[in-house]
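# Examining the three-dimensional arrangement
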Amino acid sequence: MAIDLPARRPDCDVLILGGGVNGTGLARDLTLRGLRVILVERNDLAFGASGNSSGMIHGGPRYLTTHPEVTRSSCLDSGYIQRIAPHMIFRIPFLMPVYGRGAKAQVMLDAYDAFFAVYDQYQPLKRGRRHTRLTADEAVQAVPGLNPHNLFGAVTLDEWGINGARLCNANALDARERGATILVHTTAEEVLVEHGAVVGARVRDLLTGVASTYTARAVVNATGAWSPITAALSGLEGRVKVRPGKGIHVVLDRPITDVGVMCNAIDGRQIFIEPWGNTCLLGTTDDDTYANLDDLPVTTDEVRYLVEGIETVLPRVREARIVGTTVAARPTLYAYGPTEDALSREHEIVDHTAHGASGLYSLLGGKLASYRLFAEEAADVVARALGFTARCSTHTTPLPGGDRVPEPEMLAARFRITPYAAARLITRHGSRAEAMLSDGGRRGAVTVCTTEPVLACEVRYAVRVEGARTLADVSRRTNLAMGPCGGVECALAAAVIAGEELGWTAAEVRAQAASLIEARRRSRLPAIGVDQARAEGAVDATLRGLGRAVMA
Amino acid sequence: MSATETGVLVIGGGAAGIAAARAAHEAGATVTLVTLPGGATTQTAGLVWGLSRDVFRQWNDGAFREGGRYVTVGAWMHTTAFAALPSLLDVSSVTGTLAVVDLPTHPSWSARLVANTLGGRVVSAKDLPVSETFREAAVKFDTAGVAEGIAASLKSACEGCAAVLMPPVLGLRHDDVAARMAAVLGLPVGEAVGAVGDPPGVRAARAVRRWLPAAVTVLEGRATVAKGGRATVDVEGVGTVRAKAVVLATGGLAGGGIVFDRALREVTANVPVWTRTRACVSAPSGASRGADPTAWFAEGSPDGVGVRLDASQRVIDADGATAVARWLFAAGDVTVTPAGAGLLDALASGRRAGEAAAREAGGG
């Protein structure tokens, strides 16, 4: 196909397709090395697996026996992430209970004990605590409500949690502030290849419908589970394969346990419940998916599978209030044959020169915990190919707000907000929380979403600085509407603020609020229980107030 | 223990129950009403939606007004809603400039956005209550003199305007705040409509309750209807009530008349539950581990499910035709409601059921 591109300096050195953690991590790395970067994301940053993972920066214990070097590098990288984003990470202690009697249970507990004794060697790299071995009584003390029936003993292990959506936004923001262009709700429609070399891409803004062409010296396909679709846009059908594995989480309204607990599901798979910020996650499923990646469904079956499994170790999960579910497809490396759990979680960089498109790369596989390392490896390849020699500095340069973690109490006193609101703001924005509150004035310190909580200044910041273009984008950046109210209390208020920033009409404000509330309901419906069913009436009343259900 | 006797027993004190009690009383029956706190009627924002308008017109007693164009927070106009309160401003009746009053500390009230939408002008008042919620501000407007003082401080800014639009803060306890401000300003003063639980909604729910005739006996407690040839209802903490006719007006999922717990159930009389597509869902389903709620709720709003009525307003059985009992009627959200049903429909169905129940009681 002949495309008439003017012979001029390309718009950028590297055009990155995909705004997950690999794409944004790569954008930051390349920008820090001095490359000019444009990133386009079809939905929103962290829309897929990055924003809907289990939210852990773990040390990779599953590789301990087969690939100990992977465990070591994972732990090392976990340590780096603590250094560059200390405000974002939070400790998640886990308990692995062993049930049963006699020699079999004893062997199992000894095996766990020995296994985590080896893992302990790497824990210092990520400031992790050594594992402990607990008797049944000690385990019940450590996790009140743990099912004591037939409990033999337990071991503990120490991991770190992180909000994947915040991590993507921090990487994207840093890249943007260093000169990169980050475009959300913009999809690649064609990757342009001339004489065997990639020259850019034609993209379309999905909100405005406007198409444009960006020229680039290299193009990186970092679209995760979407990467085969993206590859097809450059005529490379079948050259890129992943095996998308759908995983869901069930989100509870509060941490019903301070300690994560692992257990086996009905089919023997390992699942867990973990305290996560001011919520609790039950996870996760892993099933091959052939569904539309932009609109993956969560089913009642999946929710019940997780709740039934967790109930065996923590019976009170049955009484907990489910406020939503998360769903995404892992971009697992392709293999035909193995069951989902047996697939490799490794990553791979594909250079498409051999496929007739030099300068085009695909990033496949990977996981949240090792995103930085993957981005570094990819940046090494891409930067070297373009003649840049600067070395990676993403492990030493703090992410935005990560230079210093303010004290919540001090921030609260200074800006007359609650210490809890201050603490939550700090987990998302670190040292930047101060400037956000200062710039926002009296109006900025007003609480919009009471459950998270989210302040008015943060909503404005999500639009003005972090590039949110819809209310759902604001929600992903702030956790707005993610709590029990599902947006009934806050969607309209937040839409008004976002609308002021984005110039929405009153009708658009209303539509954005209604669509966020409906999206939250959709996420909740497969998990609906007694209390939720009752609360749905209030949601209907609100939607009617927004003109959704009634158009007389 | 001797049982209390009544002609018509209405179970539920929301809009449907109150309308049923009023209709039965007007038809000459002795009426007892059993109520519990909460329910969907308390979740009105102050604007009244619904497909039925006849009852509304007939019972319009000044507290409710005919439809108009009302501003909601978020600056959108409902074009066909009814206002449950005299304080709401029908902006279509305003000819001339509308003064929109700023409330700087509330996140969802953007006077600028409202004024831009309506072509109005933003004005600022002195000594506005500093609060983050409309309810907090409304409590201050209840205090004698506060609303008048604020109105006085608006006077010069509102010169040349045709009306004044306030955020939804014009009192929680008092209904005359708008009128008091209007007297000071010499201009019509109205408020926008807030969300569920905001001051206009609280006042509107109170206005509905005022429709209950004083002659109706009110009991508080959870009621359970016994199956049988005669209407016998156990009211927790009160005792047994014998009635000639019973109206179930216990609400839907929001009100607590219908619950979802692995299956959908009607809790007061244990009668079959149906969806909008007319499938009876409270019979045993094919799933051994509990039914899938998405199957019913995907049809539309979750509160559409409920009991089904025959043409005489009687609750029907799982066969879809036979009345469960001659004496059992139902109204409001506990019944299958069409999409878009609202408070007006609860009132209308309450009135139909109340009249039918009174006929049954009189004839028994």
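Residues numbered from 1 in each chain as written. Chains lettered and ligands numbered in written order. Predicted model: local features only at pLDDT ≥ 70, side-chain atom pairs only at ≥ 80, totals over all residues. Heavy atoms only, no water.

## What to know about the overall build of chain A
Within chain A one finds 16 helices and 20 strands. Rg of the C-alpha trace for chain A: 23 Å, near the compact-globule value of 24 Å for 552 residues, within the 12% margin. The C-alpha extent of chain A, read off along each of the three principal axes, is 75 × 60 × 45 Å. A separation threshold of at least 6 residues defines the contact pool for chain A, and within that pool the share at least 24 residues apart is 70%. Total accessible area computed for chain A in this model is approximately 21200 Å², and 53% of it derives from carbon and sulfur atoms. Taken together, the 60 basic and 61 acidic charged side chains of chain A have centroids lying 3 Å from each other. (Helix = DSSP H or I, 4+ residues; strand = E, 2+ residues; numbered from the N terminus. Rg over C-alpha atoms; globule rule 2.2 N^0.38 Å. Contact = heavy atoms within 4.5 Å. Areas by Shrake-Rupley, 256 points an atom, 1.4 Å probe, with all protein chains shown as cover. Lys, Arg positive; Asp, Glu negative; His and termini not counted. Charge placed at Lys NZ, Arg CZ, Asp CG, Glu CD.)

## Observations regarding helix α1 (residues 15-26) of chain B
Residues and elements named next belong to chain B. End to end, α1 covers 16 Å across twelve residues, agreeing with the expected 16 Å (1.5 Å per residue, within 8%). Along α1, the residues that are buried comprise A15, A16, G17, I18, A19, A20, A21, R22, A23 and A24. Immediately beyond the C-terminal end of α1, within one or two residues, lies G28, with a positive phi of roughly 100°. (Expected span 1.5 Å × (residues − 1). Buried < 20%, exposed > 50% of the residue type's maximum accessible area, 1.4 Å probe, protein only.)

## With respect to the sheet that holds strand β5 (residues 76-83) of chain B
Residue and element names in this part refer to chain B. In spatial order, the strands read β3-β5-β4; together these three strands make up an open sheet with antiparallel pairing. With partners counted over all chains shown, the strands left at the sheet margins are β3 (47-48) and β4 (65-72), one partner each. Alignment of β4 against β5, held across five bridges, turns out to be antiparallel. Within β5, the residue paired with V71 across the bridge is M77. (Pairing = 2+ DSSP bridges.)

## Details of the packing of helix α1 (residues 21-32) of chain A against helix α8 (residues 371-385) of chain A
Residues and elements named next belong to chain A. Two elements in contact, α1 and α8, have axes whose closest approach is 8 Å; the angle formed by their N-to-C orientations is 55°. Looking at the two axes, α1 sits oblique to α8. In the crossing of α1 with α8, the sense of the turn from one axis to the other is right-handed. In this structure, α1 uses V21, N22, G25, L26, D29 and L30 to contact α8, whose residues at the interface are Y371, F374, A375, E376, A378, A379 and A383. Considering only residue class, the contact of α1 with α8 consists of nine nonpolar, two polar and two charged. (Axes fitted to C-alpha atoms, helices over the stretch in contact; angles between N-to-C directions. Parallel < 35°, antiparallel > 145°, perpendicular 65-115°, else oblique. Left-handed = near helix turned anticlockwise from the far one by under 90°. Nonpolar A, V, L, I, M, F, W, Y, C, P; charged D, E, K, R; others polar.)

## Examining the sheet that holds strand β9 (residues 189-191) of chain B
Residues and elements named next belong to chain B. Read across the open sheet, the four strands follow the order β7-β6-β8-β9; overall the sheet is parallel. The open sheet terminates on both sides in strands that have one partner only, identified here as β7 (121-123) and β9. Adjacent strand axes in the sheet meet at a mean angle of 30° when their direction is disregarded. In this structure, strand β6 (residues 98-101) lies alongside strand β8 (residues 163-166), joined through three bridges in parallel fashion. The residue bridging A99 from the neighbouring strand is V164, located in β8. Seen against the sheet, helix α6 (residues 177-185) touches β8 and β9 and runs at an angle of roughly 145° to β9.

## Let's talk about the pattern of salt bridges
A full pass over the atoms with the stated rule returns 47 salt bridges over all chains. With a closest N to O distance of 2.8 Å, R254 of chain A and D253 of chain A form a salt bridge. Where E191 of chain B meets R203 of chain B, a salt bridge forms, and the shortest distance between an N and an O atom there is 2.3 Å. With E191 of chain B in strand β9 and R203 of chain B in helix α7 (residues 199-209), this pair connects stretches of sequence that are twelve residues apart. No difference in accessibility class separates E191 of chain B from R203 of chain B, as the two residues are buried. Connected through shared salt-bridge partners, D44, D473, R476 and R477 of chain A make up one network. (Salt bridge = Lys/Arg side-chain N within 4 Å of Asp/Glu carboxyl O.)

## A look at the domain arrangement of chain B
As a measure of interface size, the accessible area lost when the parts come together is often cited. According to the domain assignment, chain B contains domain 1 (4-45 + 211-363) and domain 2 (60-195). Domain 1 of chain B and domain 2 of chain B are separated by 37 Å when their C-alpha centres are compared. (Domains from an automatic or database assignment.)

## Thoughts on the domain arrangement of chain A
All names here are of chain A. Under the domain assignment used here, chain A contains domain 1 (12-49 + 165-241 + 344-385), domain 2 (89-161 + 244-340) and domain 3 (408-545). Overall, the association of domain 1 and domain 2 removes approximately 1300 Å² of surface from exposure, summing both partners, and the carbon and sulfur fraction of that is 60%. Three residues, A225, K241 and R345, lead the burial of domain 1 against domain 2; their summed loss comes to 40% of the area buried on that side. Between R345 and D286 there is a salt bridge, with the nearest N and O atoms lying 2.8 Å from each other. For the pair domain 1 and domain 2, the interface holds six residue pairs in polar contact (both at pLDDT 80 or more). Elements supplying a minimum of two residues to the side of domain 1 that touches domain 2: β17 (347-351) and β18 (360-365). The residue inventory of the side of domain 1 that touches domain 2, partitioned by class, reads six nonpolar, six polar and five charged. (Buried area = accessible area lost by both parts, 1.4 Å probe. Polar contact = N/O pair within 3.5 Å; in protein donor to acceptor, adjacent residues only side chain to side chain.)

## With respect to the interface of chain B and chain A
Listed as interface residues are 44 residues of chain B and, on the opposing side, 41 residues of chain A. Put simply, chain B and chain A have zero salt bridges between them. In this assembly, chain B and chain A are joined by two residue pairs in polar contact (both at pLDDT 80 or more). For the side of chain B that touches chain A, the secondary-structure elements that each account for two or more residues are β5, α3 (111-118), β14 (258-261) and α8 (293-297) of chain B.

## Brief notes about the environment of S108 of chain B
With respect to the helices, strands and loops of the structure, S108 of chain B is situated in the loop between β6 and α3. Between the C-alpha atom of S108 of chain B and that of A269 of chain B, which follows or precedes it by 161 residues, the distance is 42 Å. Excluding its chain neighbours within four sequence positions, the residues that come into contact with S108 of chain B are A493 and V496 of chain A together with V73, G74 and F134 of chain B.

## Section: the pairing of β18 of chain A
Residue and element names in this part refer to chain A. Among the six residues in β18, six count as buried, and that is most of the element. Where strand β10 (residues 211-221) and β18 come together, three bridges link them in parallel fashion. Each bridged residue has a counterpart across the sheet, and for N221 the counterpart in β18 is S362. Two elements, β17 and β18, share five bridges in a ladder whose sense is antiparallel. If you follow H347 over to β18, its bridge partner there is G365.

## Topic: the packing of aromatic side chains
Residues and elements named next belong to chain A. All chains considered together, the criterion is met by five aromatic pairs over all chains. Consider the rings of F47 and W226, whose centres lie 6.3 Å apart with planes at 55°: the pair is tilted. Taken together, the residues span a long stretch of sequence, with F47 in the loop between β2 (37-40) and β3 (56-57) and W226 in the loop between β10 and α6 (227-232) at a distance of 179 residues. With a centroid separation of 6.3 Å and an interplanar angle of 85°, the aromatic rings of F94 and F272 are classed as edge-to-face. You can see F94 sitting in strand β4 (residues 90-99) and its partner F272 sitting in strand β13 (residues 270-276), a full 178 residues away along the chain. (Phe/Tyr/Trp six-rings, centres within 6.5 Å; stacked < 30°, edge-to-face > 60°.)

## Structural notes on the side chain of R33 of chain A
All names here are of chain A. Relative to the helices and strands, R33 resides in the loop between α1 and β2. The buried category is assigned to R33, whose relative accessible area is 6%. Side chain to side chain, R33 and D29 meet in a polar contact 2.6 Å long. The residues touching R33, leaving out its near neighbours within four places in the chain, are E376, A379, D380, A383, F388, A390, R391 and C392.

## Examining the nonpolar core
Buried together is how nonpolar side chains tend to be arranged in soluble globular proteins. Counting residues in hydrophobic clusters, the biggest one holds 76 residues, and the most contacted among them are L480 of chain A together with W109, F141, L154 and M181 of chain B. Here this core gets eight residues from one element, more than from any other, and that element is helix α14 (residues 491-502) of chain A. Counting 43 residues, the second largest nonpolar core, distinct from the first, contains V10, A83, A207 and V247 of chain B. (Core = buried A, V, L, I, M, F, W, Y, C linked by side-chain atoms within 4.5 Å.)

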